[in-house]
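Structure assessment
Chain residues, written in single-letter form:
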Amino acid sequence: MNLEKLEKNIGYKFKNIELLKNALTHTSYAYEHGVPSNEKLEFLGDSILEFVSSEYMYNKYTNLKEGEMTKVRATVVCEQSLYKVAVLHNFSDFLYLGKSEIMTGGNKRPAILADSVEAVIAAIYIDGSLEDSKRFIIDNLKDEIELATKHVGQKDYKTVLQEELQKNGDVKIQYKIIKESGPDHDKTFEAEVSLNGKVLAKGKGKSKKEAEMQAAKKALES
């Protein structure tokens, strides 16, 4: 497997290419071929990721409280965010998988891809330095962190809307996802909120929850 292409994708040239290979070796392949899997690297990479993202937020977003930083980190250091990084750099083309995983499309599974990103972070750290792994993490997750910080203090518009509409008695408020667009790893959802069957507003978001929240926000504004 030509790993030079992946090195170009991630912007780091390994001195010891075996480390990168190890980072991409799933347990299914390791079991079949009697080689180490990427599980230990993944364990280390997870800790590096938590530290680097925490330090980055601490220095850049000085207005955030401790609880808010915890929420932002949980939003960013997760399977979905790491899966996006893996898709961006075509990790699926370079994974070492066992026959059973290949047969069942393991190279497309979000959990496997996300784990490989954590393992690569650790491999970069061991092969190079903390600064090298930090550069990879920040380059790939700074936009996700920025987005998460904007929504961390977001008012629960659905609760506020419900309180407003129920001031004069019980009402029936419903949310419905009316549209989904975009590829699986980057979907956009559109939701509508209705009162007693009458549509009040529509909203879009990168998750169903965010789309419903935006619909509630627009209903409040109108």
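The model shown is predicted, which means the values in this text are computed figures rather than measured ones.

1. Some details on the pairing of strand E2 (residues 188–195)
Counted residue by residue, E2 has six buried out of eight residues, so it is predominantly covered. Bridge analysis of strand E1 (residues 173–181) against E2 gives eight bridges, and the strand direction is antiparallel. By the bridge assignment, Lys179 is partnered in E2 with Glu190. Between the antiparallel neighbours E1 and E2 lie six residues, among them Gly182 with a positive phi of about 95 degrees. The turn linking E2 back onto strand E3 (residues 198–205) is made up of two residues, and Asn196 within it adopts a positive phi angle of 50 degrees.

2. As for helix H8 (residues 110–127)
Helical geometry note: an α-helix holds 3.6 residues per turn, so side chains three or four residues apart project in the same direction. The end-to-end C-alpha distance of H8, which contains 18 residues, comes to 26 Å, matching closely the 26 Å that a straight helix rising 1.5 Å per residue would cover. The element H8 is extensively covered by neighbouring structure, given that 13 of its 18 residues are classed as buried.

3. Some words on the confidence of the model for the chain
Taken over all residues, the pLDDT of the chain has a mean of 91, while the share at 70 or more is 98%. At the low end of the mean pLDDT range in the chain sits helix H10 (residues 157–165), at 83; at the high end sits helix H2 (residues 17–23), at 97.

4. Regarding unusual backbone geometry
We note that Asn90 has phi near 55 degrees; this positive angle belongs to a residue other than glycine. Within the secondary structure, Asn90 is located in the loop between helix H6 (79–88) and helix H7 (99–103). Of the residues examined, Asn90 reaches a relative accessible area of 36% and is grouped as partly exposed. Even without being glycine, Asn196 reaches a positive phi, approximately 50 degrees.

5. Quick look at the packing of helix H5 (residues 66–76) against helix H9 (residues 130–151)
Relative to each other, H5 and H9 sit at 135 degrees, their axes nearing to 9 Å. Considered as vectors, H5 and H9 are oriented oblique to each other. Remark: the crossing between H5 and H9 carries right-handed chirality. Taken together, the residues of H9 that come into contact with H5 (itself represented by Val72, Thr75 and Val76) are Leu141, Glu144, Ile145, Ala148 and Thr149.

6. Quick notes on the environment of Leu141
Take Leu141: it is sitting in helix H9. According to the relative accessible area criterion, Leu141 is buried, its value standing at 3%. Spatially, the C-alpha atoms of Leu141 and Asn38 are 22 Å apart, while their sequence positions differ by 103 residues. Not counting the four nearest positions on each side in its chain, Leu141 is found in contact with Leu49, Val76, Ser81, Leu82 and Val85.

7. As for helix H4 (residues 39–60)
If you check H4, its first and last C-alpha atoms are 31 Å apart, about what 22 residues at 1.5 Å a residue would give, namely 32 Å. Looking only at H4, the buried set comprises Leu41, Glu42, Gly45, Ile48, Leu49, Val52, Ser53, Tyr56 and Met57. Looking straight down H4, one finds its buried side chains confined to an arc of 155 degrees; they lie on one side. The exposed set on the far side of H4, more than 90 degrees from its buried face, consists of Lys40, Phe43 and Tyr58. Against the buried residues of H4 lie H2, H5, H6, H8 and H9.

8. What about the environment of Tyr12?
Looking at the secondary structure, you find Tyr12 in the loop between helix H1 (4–10) and H2. On the basis of relative accessibility, which here comes to 11%, the residue Tyr12 falls in the buried class. Spatially, the C-alpha atom of Tyr12 lies 8.2 Å from that of Phe136, the residues being 124 residues apart in sequence. Setting aside residues up to four positions removed in sequence, Tyr12 forms contacts with Glu7, Ile124, Asp127, Gly128 and Asp132. Here the side chain of Tyr12 touches Asp127 through a polar contact of 2.6 Å, side chain to side chain.

Quick notes on the rules
Residues numbered from 1 in each chain as written. Predicted model: local features only at pLDDT ≥ 70, side-chain atom pairs only at ≥ 80, totals over all residues. Heavy atoms only, no water. Buried < 20%, exposed > 50% of the residue type's maximum accessible area, 1.4 Å probe, protein only. Helix = DSSP H or I, 4+ residues; strand = E, 2+ residues; numbered from the N terminus. Pairing = 2+ DSSP bridges. Expected span 1.5 Å × (residues − 1). pLDDT = per-residue confidence, 0-100. Axes fitted to C-alpha atoms, helices over the stretch in contact; angles between N-to-C directions. Parallel < 35°, antiparallel > 145°, perpendicular 65-115°, else oblique. Left-handed = near helix turned anticlockwise from the far one by under 90°. Contact = heavy atoms within 4.5 Å. Arc of directions from axis to C-beta. Polar contact = N/O pair within 3.5 Å; in protein donor to acceptor, adjacent residues only side chain to side chain.

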